[in-house]
Every structure is written in structure tokens, then in C-alpha cells.
Amino acid sequence: MESRAADTAKRIGGGSIGLHFDCGDAASIEAGIAETIARFGKIDILFNNAAATSKEVNLQDRTAVDIPIEIWDLVMNVNVRGVMLGCKYAIPHMIRNGGGSIINTASDSGLAGDNVRIAYGTSKAAVIGLTKYVAAQHGRQAIRCNAILPGPIINDSLAEYPELVARIKRQALTSRIGIPADIAAMAAFLAADESQYITGQAYSVDGGHLAHQPQMADMREIEAPELPPVDTF
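Basis of the calculations
Residue numbers restart at each chain and count upward from 1, following the sequence in its written direction. In view of the model being predicted, local features appear only for residues whose pLDDT reaches at least 70, and side-chain atom pairs are presented and counted only at 80 or more, with totals across whole chains, interfaces and linings using the full set of residues. The side-chain numbers reported here are obtained from all heavy atoms of the structure, hydrogens and water having been left aside. Any carboxyl oxygen of Asp or Glu that lies within 4 Å of a side-chain nitrogen of Lys or Arg is treated as forming a salt bridge with it. Per the convention used, a helix needs a DSSP run of H or I reaching at least four residues, while a strand needs a run of E reaching at least two, with both numbered from the N terminus. Relative accessible area decides the class of each residue, using a 1.4 Å probe on protein chains only: under 20% of the type maximum gives buried, over 50% gives exposed, and in between gives partly exposed. The rule is short: rings of Phe, Tyr and Trp, with Trp giving its six-membered ring, pair when the centres are within 6.5 Å, and they are stacked under 30 degrees, edge-to-face over 60, tilted in between. Any Lys NZ or Arg CZ that is within 6 Å of a ring centre and within 35 degrees of that ring's normal is treated as a charge sitting over the ring. In a helix, the anticipated span is given by 1.5 Å times the number of residues less one. Residue contacts are defined here by distance: any two heavy atoms, one from each residue, within 4.5 Å place the two residues in contact. What fixes the domain bounds is an automatic or database domain assignment. Summed over both partners, the accessible area (1.4 Å probe) lost when two parts come together is defined as the buried area. One bridge is not enough; two strands pair if DSSP finds at least two bridges between them. Lines fitted to C-alpha atoms define the axes, with helix axes restricted to the stretch in contact, and inter-axis angles between N-to-C directions lie between 0 and 180 degrees.

Student: Explanation requested: the pattern of salt bridges in the structure shown.
Tutor: Close approach of charged atoms allows side chains with opposite charge to pair. One pass over the full model with this rule turns up 5 salt bridges. In this structure, Glu-35 and Arg-39 form a salt bridge, with 2.8 Å as the shortest nitrogen-oxygen distance. In this pair, Glu-35 and Arg-39 both sit in helix H2 (residues 26–40), 4 residues apart, roughly one turn of the helix. Accessibility expressed as a relative area gives 27% for Glu-35, which makes it partly exposed. A salt bridge links Arg-176 to Asp-182; the shortest N-O distance between them is 2.9 Å. Taking the relative accessible area as the measure of exposure, Asp-182 reaches 22% and is therefore partly exposed.

Student: Teacher, can you tell me more about the packing of aromatic side chains here?
Tutor: Centre distance and the angle of the planes are the two values used to describe a pair of aromatic rings. Counted by the stated rule, this structure contains 0 aromatic pairs. Arg-117 extends its terminal NZ or CZ atom over the ring of Tyr-120, reaching a point 4.0 Å from the ring centre.

Student: Looking at this model, I keep getting lost on helix H5 (residues 118–138). Mind explaining?
Tutor: Each α-helix winds once per 3.6 residues, and so residues spaced three or four apart point in a common direction. Over its 21 residues, H5 runs 30 Å from end to end, which matches the ideal 30 Å to within 8%, given 1.5 Å per residue. The elements touched by buried residues of H5 are helix H4 (69–97), strand S2 (100–105), strand S3 (143–150) and strand S4 (202–205).

Student: Explanation requested: unusual backbone geometry in the structure shown.
Tutor: When glycine is set aside, most residues are seen to have a negative phi, and most peptide bonds are trans. Even without glycine at this site, Arg-117 takes up a positive phi of about 60°. Among the structural elements, Arg-117 can be located in the loop between S2 and H5. For Arg-117, a relative accessible area of 27% gives the class partly exposed. At Ala-142, a position not held by glycine, the phi torsion is positive, near 65°. Topologically, Ala-142 is positioned in the loop between H5 and S3. In this structure Ala-142 comes out as partly exposed when scored by relative accessible area, which is 41%.

Student: What am I meant to see in the domain arrangement of the chain here?
Tutor: By a widely used convention, the size of an interface equals the accessible area lost when the partners come together. For the chain, the assigned domains are domain 1 (1–41) and domain 2 (43–223). Look at where the C-alpha atoms of domain 1 and domain 2 centre, and you get two points 22 Å apart. Across the contact, 8 residues belong to domain 1 and 12 residues belong to domain 2. With both chains or domains summed, domain 1 and domain 2 bury close to 890 Å², and 77% of this area falls on carbon and sulfur atoms. Where domain 1 packs against domain 2, one counts 0 salt bridges.

Student: What exactly am I supposed to notice about the sheet that holds S2 here?
Tutor: The strands making up a sheet associate through backbone hydrogen bonding, with each pair oriented either parallel or antiparallel. The strand order S1-S2-S3-S4 describes an open sheet built from 4 strands, whose pairing is parallel. Across the chains shown, the open sheet's two edge strands, defined by having one partner strand only, are strand S1 (45–48) and S4. Recorded for the sheet is a direction-independent mean angle of 20° between the axes of neighbouring strands. In this structure, S2 lies alongside S3, joined through 6 bridges in parallel fashion. For Gly-100, the partnering residue across the bridge sits in S3 and is Ile-143. Sitting on the sheet, H5 touches S2, S3 and S4, and the angle it makes with S3 is about 165°.

In C-alpha cells:
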């Protein structure tokens, strides 16, 4: 992972650096922030964008009855505690620098229940709440904090489940399913000066995934079967 980060930084250029850190380890997060300050002297933007979503975790993250306690604790430790710790260690530097923008990746799973992944969905609901608390407590110190709530995004992990992708396509209101660049565009906006009057908000980037009635996909296929299919990309 460290080599991938270094390769990415090399492609970006402009003084970028790639660091390895463990989002489940407080000392590792603190060290990553410290290294950033040592290299650049300040932090203007913090993008908390990490989660425990390996296949092993996802297969065990099911319901309150059958989820192993250690999987629940792992997901909460990484997805919630890790985001809080990023804020904890970055905010003092932002205050000294006159402010900054914090962006947290939540999920539309934090807004609605599902038949599986209780820990993941609960953790993302917590991230939405955490975002509002950070915005409320540090807004007068010129620190903004917002959350991005991705819906289904086609990446290597989701592509491994073609049947799931097919079902997700039925729920899309847009002409395609999301791609990572859609999330990057929202993050860039929330980091920029153009969004300096926006804080404490949770933005769904989900192609309208949760914006319609549950029966809409079935009714659409009955009433308008001639509609073109949703593109994967």
C-alpha cells in the first residue's frame, strides 16, 4: 500500500508525498498528520476517506444477531473512530493556520436500513452525526466540516458482484451508475473556496438512489419498458 501511495504521489507531482498509515491506529494517524505538517508546514484540507470494507469483513457484517462482535468493533474503530482521530489531530493545526476544510466520506447506507451490513450502515450514520458536531464546535474557528454520502460506485470491489450491480442499476434515476470521479468532484468542491459558506452538510452523490419510492423500479419497467438501460459507466 505504501508503494501505491508513493506511485500516486509521483504521478500527481507538485510536491505530493505518499504516506502509509493505519486508520484503526491512533498513533499512526497522529504520525501521518505530524509528517504532513513537517513537510508542508500546515494543513488546509483533511479528507477522511477510509473504511473497513474488505470482502472478509463484508461477508460477516450482516445482522445484529449474527455479526461477530470483533467485526462490529473493527468497523466502528476504523470507520468512526478513525474519522474522529483525523479531526482530533488535524484541527489544532488548522486553527493555528486560520481555518480549513474537513471532508468526511459517509454513505447513503447511513440514511436507510438494509438487509445486511449493520455495522457499516451504523458507522456511516455516526459519521454524519460526527460531521455536524465538528462543524458546530469549530465553525467560529473558520473550520468547515461536510460529509459526502456516496451511493453505489462502480469500482473493482463492486464489479466482483455482477448480480448485485444489475439490481442496483434498476434503482438508478440517472443514465449511469456512479464512478469514483463523481466523488472526487464533490470533494474538490467542498475543499475549494467556492464552498466556504457551506458547513455541517451531508451531500448524497448517489444518482437518486434514495430519492424515490421503493416500488418505482418495478413500476417503471411496467409503464415505460422502452426506456434505455442504465450504463455501468
